[in-house]
Amino acid sequence: MVVMNTTSNFWAQRIGRFVLYLFASLVLLFLLLPLLVIIPLSFNSEPFFSITTDMLRLQPEAFSLRWYQQLGAHPNWLLATRNSLLIGLCATVLATVLGTLGALGLNHPHIPGRRLLTALLLSPMIVPVIILAAGLFFFYAPLKLTGTYLGLIMAHATLGLPFVVLTVTATLSGLDPSFYRAALNLGATPFQAFRTVLFPIIRPGVLTGALFAFMTSFDEVVIVLFLAGPQHKTLPREMFAGLREQINPSILAVATLLILFASLFLFCLYLLQRRSQHLKQGSTNKQP
């Protein structure tokens, strides 16, 4: 009787696990299918959004790199790429520095108004982007920051800062504060203790937050529509304008490159998470 119950439980667990994996696979396929359709369409030799019979038959003449070549030759796409990289990198640096300093300050146990400050720093993640964009527009207009690179960089840094605060705060939560105090007791200045002791431990969290901040800036379009001038086109804004004005597979080529870029971002994020876990385990093992 016990053997029969054990066998039935075993098969029930196997069937339940199979159903769970099947359901998860179907959900994942449902989410990824629109992205997977974009990739073959970007290689279409025809100037329209459809998968032809020749593509289904894998005929070589049905595929072409013309839309990728057009990206490298069209001045609007080149300008949009340059602006996205420039604004994204500058906003990432600003958000990473301010977010790391904010997380270090919030990690102090005796800081007054800690919860209120945390809520303020995380509010750009909670407030709808269109409300934030309208508020930034009316705030920047008297300061003459609308239609400038500085205004866009500051706005994108505002969006990326909560991600840096969250990731660095999560890294600091597993940190033994005795390491930092020991460095100070040995004669190191606060900056030296941060650079040599604290920063190597929280570096995975800082880099993870920086990646999130960069991807947030690189993918943002609403704030750009509110604040940017004609010369401040970014890739998302150019794609949005292309869908409204002239629809051609060049937009799908850009989308495919962004998908590959996002996949690389996720891979880097996975490596940083493994590095962070390794450092946490190492610091735990060193504790007496």
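Counting starts from 1 at the beginning of each chain's written sequence and moves along it residue by residue. Totals for whole chains, interfaces and linings use all residues, but because this is a predicted model, local features are given only for residues with pLDDT of at least 70 and pairs of side-chain atoms are given and counted only at 80 or more. Only hydrogens and water are removed before side-chain values are computed, so all heavy atoms of the structure are retained for them.

J.: Which residues make up the overall build of the protein chain, and what are the values?
T.: Helix numbering and strand numbering both begin at the N terminus, where a helix is a DSSP run of H or I of at least 4 residues and a strand a DSSP run of E of at least 2. In terms of helices and strands, the protein chain carries 12 helices and 0 strands. Residue burial in the protein chain is summarised as follows: out of 288 residues, 34% are buried. Contact criterion: two residues are considered in contact whenever any of their non-hydrogen atoms come within 4.5 Å of each other. The long-range fraction of contacts in the protein chain, counting pairs at least 24 apart against all pairs at least 6 apart in sequence, stands at 71%. Remark: exposure states derive from per-residue accessible area (1.4 Å probe, protein chains only) relative to the maximum for the residue type, with buried under 20%, exposed over 50%, and partly exposed in between.

J.: Go over the side chain of Thr171, please, and point to the residues and values.
T.: Of note, Thr171 is situated in helix 7 (residues 149-173). In this structure Thr171 comes out as buried when scored by relative accessible area, which is 7%. We define a polar contact as two N or O atoms separated by no more than 3.5 Å, with the added condition that, inside protein, one atom must be a possible hydrogen donor and the other a possible acceptor, whereas residues neighbouring each other in sequence contribute only through side-chain atom pairs. At 2.9 Å, the side chain of Thr171 forms a polar contact with the backbone oxygen of Thr167.

J.: Could you give an account of the confidence of the model for the protein chain, with specific residues and numbers?
T.: Chain-level pLDDT for the protein chain is 79 on average; 83% of the residues reach the 70-or-more range. The pLDDT score gives, residue by residue, the confidence of the prediction method on a 0 to 100 scale. When pLDDT is averaged over each helix and strand of the protein chain, the minimum, 57, is found for helix 2 (residues 53-56) and the maximum, 90, for helix 6 (residues 129-140).

J.: An account of the nonpolar core is requested, with residue identities and associated values reported.
T.: Put simply, buried Ala, Val, Leu, Ile, Met, Phe, Trp, Tyr and Cys residues joined by side-chain atoms within 4.5 Å make one nonpolar core. Judged by nonpolar contacts, the single largest core of 26 residues is most densely connected at Leu136, Val168, Leu172, Ile223 and Leu227. When residues of this core are traced back to their parent elements, those giving at least two are helix 4 (75-106), helix 6, helix 7, helix 9 (190-218) and helix 10 (222-227). The element best represented in this core is helix 7, accounting for 8 residues. Grouped together as the second largest cluster of nonpolar side chains are 19 residues, Trp67, Phe214, Leu252 and Phe265 included.

J.: Describe in detail the packing of aromatic side chains, supporting the description with residues and values.
T.: The rule is short: rings of Phe, Tyr and Trp, with Trp giving its six-membered ring, pair when the centres are within 6.5 Å, and they are stacked under 30 degrees, edge-to-face over 60, tilted in between. By the definition in use, this model includes 7 aromatic pairs. For the ring pair Phe212 and Phe265, a centre distance of 5.5 Å and an interplane angle of 80° mean the geometry is edge-to-face. Of the two residues, Phe212 is situated in helix 9 and Phe265 in helix 12 (residues 250-286); the sequence distance between them amounts to 53 residues. What makes Phe212 partly exposed here is its relative accessible area of 26%. You can call Phe265 buried: its relative accessible area is 11%. Within the aromatic cluster, the residues linked to one another by ring pairs are Phe163, Phe212 and Phe265.

J.: Break down helix 9 for me, citing the residues and quoting the values.
T.: The α-helix advances 3.6 residues per turn, and as a result positions three or four apart in sequence lie on the same side. Under the convention used throughout, the expected extent of a helix is 1.5 Å for every residue step, that is, one less than its residue count. Over its 29 residues, helix 9 extends only 34 Å from the first C-alpha to the last, a length that falls short of the 42 Å expected when each residue adds 1.5 Å. The largest bend along helix 9 reaches roughly 60° and is located at Phe199, with the proline Pro200 sitting one to four residues downstream. The seven residues ending at a residue and the seven starting there each receive a fitted axis; the angle between those axes is the bend at that residue.

J.: For a nonpolar patch on the surface, give the residues involved together with the corresponding values.
T.: Together, Phe23, Val27, Leu28, Leu29, Phe30, Leu31, Leu32, Leu33, Leu35, Leu36 and Val37 give the surface a local cluster of nonpolar side chains, amounting to about 1000 Å² of exposed area. Within the secondary structure, Leu36 sits in helix 1 (residues 2-42). Classification of Leu36 by relative accessible area gives partly exposed; the value is 46%. Put simply, a patch holds well-exposed residues, over 30% relative accessible area, that have no salt bridge, with like charges counted together within 9 Å and Val, Leu, Ile, Met, Phe, Trp or Tyr side chains within 5 Å. Residue burial considers only the protein chains on display, and all accessible areas are found by Shrake-Rupley using a 1.4 Å probe. Salt bridges are defined as contacts in which a side-chain nitrogen from Lys or Arg sits within 4 Å of a carboxyl oxygen from Asp or Glu.

J.: Any chance you could break down the packing of helix 8 (residues 178-185) against helix 9 for me, citing the residues and the numbers?
T.: Angle between the axes and distance between the axes are the two parameters that describe a pair of packed helices. Axis separation between helix 8 and helix 9 bottoms out at 9 Å; the angle between their running directions is 150°. The angle between the axes of helix 8 and helix 9 places the two elements in the roughly antiparallel class. Both helix 8 and helix 9 take part in a crossing whose hand is right-handed. Facing helix 8, whose interface residues are Phe179, Tyr180, Ala183 and Leu184, helix 9 presents Pro190, Ala193, Phe194, Val197, Leu198 and Ile201. Any residue that is not Ala, Val, Leu, Ile, Met, Phe, Trp, Tyr, Cys, Pro, Asp, Glu, Lys or Arg is counted as polar, Gly included; the first ten are nonpolar and the last four charged. Across the contact of helix 8 with helix 9, the residue classes break down as 10 nonpolar, no polar and no charged. Helix axes are fitted only over the stretch in contact, all axes being lines through C-alpha atoms; the angle between N-to-C directions runs from 0 to 180 degrees. Angle categories: roughly parallel below 35 degrees, roughly antiparallel above 145, roughly perpendicular from 65 to 115, and oblique for all the rest. Handedness of each helix crossing follows the sense of rotation of the near helix against the far helix: counterclockwise by less than a right angle gives left-handed, clockwise gives right-handed.

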